[in-house]
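Reading the structure
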Amino acid sequence: AISAMYEHWRESDYTTINPARRVQARRDEATMDVARSFTQRDLQVMADVLQDMADGPERTRLRALLMLMEMEGLRREEVTTATWGDVAQAVVDGQRSEDRVLSVLSKGRRVRKVPLNVQVLAALEEHRADRRELVRTGALARFEDVEDDAQPLIGVLDDRAPGTRSAQQLAIADDSYQGTLEEPNGALSAPSIYALLKAFWAKCSVVAGENPDDPHTTFQRASPHWLRHTCAHKLLRATDKDLPLVQAILGHKSITTTAIYVKADLAERIEAVKALSSRL
């Protein structure tokens, strides 16, 4: 920063030298275990478990939640605050398109625009239709006065006040539990999302044939943030490693964070080494 300041002064003829030009800042490598993500096999197990669930609002909501986090890279806190008022038509070159974008409140109170995949949007619409029907039948009467724009993308499915037993289960499942199972507009709270996904992955663990006594297996270790890591890897493959683009979608403050995913792609490293040959 000091070097940049002096360079600006030099270019502005305020000074003739940049005494900091040889100073090299020490940059610590950003660290994050982005290998904690789901493989294609893992995702297939999750799809199979979803398919075997009874058709209804619970299955529809779970599918919408999983897709929103896996394909849009949202953090669970971002899911909690997302409402239908945050969904709008995309404006490209001054023209409205048929595509939809979601305005997401990121860390640091920064807002980023995330394009909504058509499959994700369809899943969210199904969940919204279920909740509207539940409001109509009185099962969600407590939230019937919530305006359309304030309706959550992922919400509760019944009108019962949070019970003591549920609170205890969430407190055990999530250390960050603060006693709130839902938001005022009926959105699932972050602890509720955590508990819901952990319960789902427990079923996936059984289907995948994981050792129930081994806490290091994929589905027993999995957390909601694994879905965000999975999204990052998929985006990099789909965009041919376009780091600035993926950074914008995920809302990373620094592109260095996004670059970690490239370094962590073990499959590509394996293929690269396989391609080598030696004359020894």
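Along each chain, the written sequence defines residue order, and numbers are assigned to residues from 1. Totals for whole chains, interfaces and linings use every residue, but because this is a predicted model, local features are given only for residues with pLDDT of at least 70 and side-chain atom pairs only at 80 or more, for both listing and counting. Hydrogens and water are ignored here; the side-chain numbers use all heavy atoms of the structure.

Some words on the sheet that holds strand β3 (residues 111-115)
Should DSSP find at least two bridges between two strands, the strands are taken to pair. Labels follow the DSSP assignment, with helices taken as runs of H or I lasting at least four residues and strands as runs of E lasting at least two, numbered in each case from the N terminus. Taken in spatial order, the 3 strands line up as β1-β2-β3 in an open sheet, and their pairing is antiparallel. Where the open sheet ends on each side, the last strands, each with one partner, are β1 (87-92) and β3. Here the average twist between neighbouring strands, direction ignored, is 50 degrees. By the bridge criterion, 5 bridges tie strand β2 (residues 95-105) to β3 in an arrangement that is antiparallel. Following the sheet pairing, L105 is matched in β3 by V111. Lines are fitted to the C-alpha atoms to define the axes, a helix being fitted only along its stretch in contact, and any angle between axes, read from their N-to-C directions, falls within 0 to 180 degrees.

Re the layout of surface pockets
The rolling of a water-molecule-sized probe over the atoms marks out the regions of remaining empty space. Size it by volume and the second largest pocket reaches roughly 380 Å³. Each cavity reported here is a set of points on a 1 Å grid over the protein atoms alone in which a 1.4 Å probe fits but cannot get out, each pocket an open set with protein on both sides within 12 Å along at least five of seven lines, and each lining residue one with an atom within 4 Å of a point. Residue lining of the second largest pocket: 16 residues in total, with L43, A47, L50, M67 and E70 positioned closest to the centre. Residue assignment for the lining of the second largest pocket shows that the elements contributing at least two residues are α2 (40-52), α3 (57-72) and α9 (225-238). Considering every element that reaches the lining of the second largest pocket, the biggest residue donor is α2, with 7 residues. Looking at side-chain class alone, the lining of the second largest pocket contains 8 nonpolar, 4 polar and 4 charged residues. Grid points are joined across faces, edges and corners, and a volume is the space filled by probe spheres set on the points. Residues are grouped as follows: nonpolar covers Ala, Val, Leu, Ile, Met, Phe, Trp, Tyr, Cys and Pro; charged covers Asp, Glu, Lys and Arg; every other residue, Gly included, is treated as polar.

Notes on the confidence of the model for the chain
pLDDT measures how confident the predictor is about each residue, on a scale from 0 to 100. Considering every residue of the chain, the mean pLDDT works out to 80; 76% of them sit at 70 or more. By the convention used here, residues are in contact when the closest approach between their heavy atoms is within 4.5 Å. Of the regions scoring below 50 in pLDDT, residues 170-179 engages in 14 contacts with residues more than four places distant in sequence or in other chains.

Observations concerning the packing of aromatic side chains
Aromatic rings considered in pairs are described by the distance between their centres and by the relative angle of their planes. Classification of ring pairs rests on two measures: the distance between centres of Phe, Tyr or Trp rings, Trp counted by its six-membered ring, which must be within 6.5 Å, and the angle between planes, read as stacked under 30 degrees, edge-to-face over 60 and tilted in between. One pass over the structure, following the stated rule, counts 5 aromatic pairs. With 5.4 Å between their ring centres and 40 degrees between their planes, F38 and W201 make a pair best called tilted. Of this pair, F38 sits in the loop between α1 (2-11) and α2 while W201 sits in helix α7 (residues 190-207), and the two are 163 residues apart along the sequence. Per-residue accessibility, obtained with a 1.4 Å probe over protein chains only, is compared with the maximum for each type, and a residue is labelled buried under 20%, exposed over 50%, and partly exposed between these values. Overall, F38 belongs to the buried group, its relative accessible area being 6%. When the centroid spacing of 6.0 Å and the interplanar angle of 25 degrees are considered together, the rings of F38 and F219 count as stacked. Placement of F38 in the loop between α1 and α2 and of F219 in helix α8 (residues 218-221) is noted, with a sequence separation of 181 residues between them. Every member of this aromatic cluster is reached through a ring pair, and the members are F38, W201, F219 and W226.

What to know about the pairing of β2
The pairing of β1 with β2 spans 5 bridges and is classified as antiparallel. Considered in β2, the bridge of V91 is made with R96. Hairpin geometry of β1 and β2 is characterised by an intervening segment of 2 residues between the two adjacent antiparallel strands and by a positive phi of about 55 degrees at D93.

A word on the side chain of E78
Note that E78 resides in helix α4 (residues 76-81). You can call E78 buried: its relative accessible area is 3%. Reaching out from E78, the side chain makes a polar contact with the side chain of R112 at a distance of 2.9 Å. Beyond its immediate stretch of four places on either side in the chain, E78 contacts G73, V104, L105, S106, K107 and R112. Here a polar contact is taken to be a pair of N or O atoms separated by no more than 3.5 Å, where protein atoms must pair a possible hydrogen donor with a possible acceptor and residues adjacent in sequence count only if both atoms sit in side chains.

A closer look at the nonpolar core
A general tendency of soluble globular proteins is for nonpolar side chains to be buried together. M46 and W201 are the most contacted members of the largest nonpolar core, which has 45 residues in total. For this core, the elements supplying multiple residues, two or more each, are α2, α3, β2, α5 (118-136), α7 and α9. Here the element with the most residues in this core is α3; it accounts for 7 residues. Those residues within four positions of M46 in sequence are excluded, and the remaining contacts are F38, L66, F200, W201, C204, F219 and L227. Joining through side-chain atoms within 4.5 Å is the link that ties buried Ala, Val, Leu, Ile, Met, Phe, Trp, Tyr and Cys residues into a set, and such a set is a nonpolar core. By size, the runner-up hydrophobic cluster in this structure holds 6 residues, among which are A232, L235, V246 and L250.

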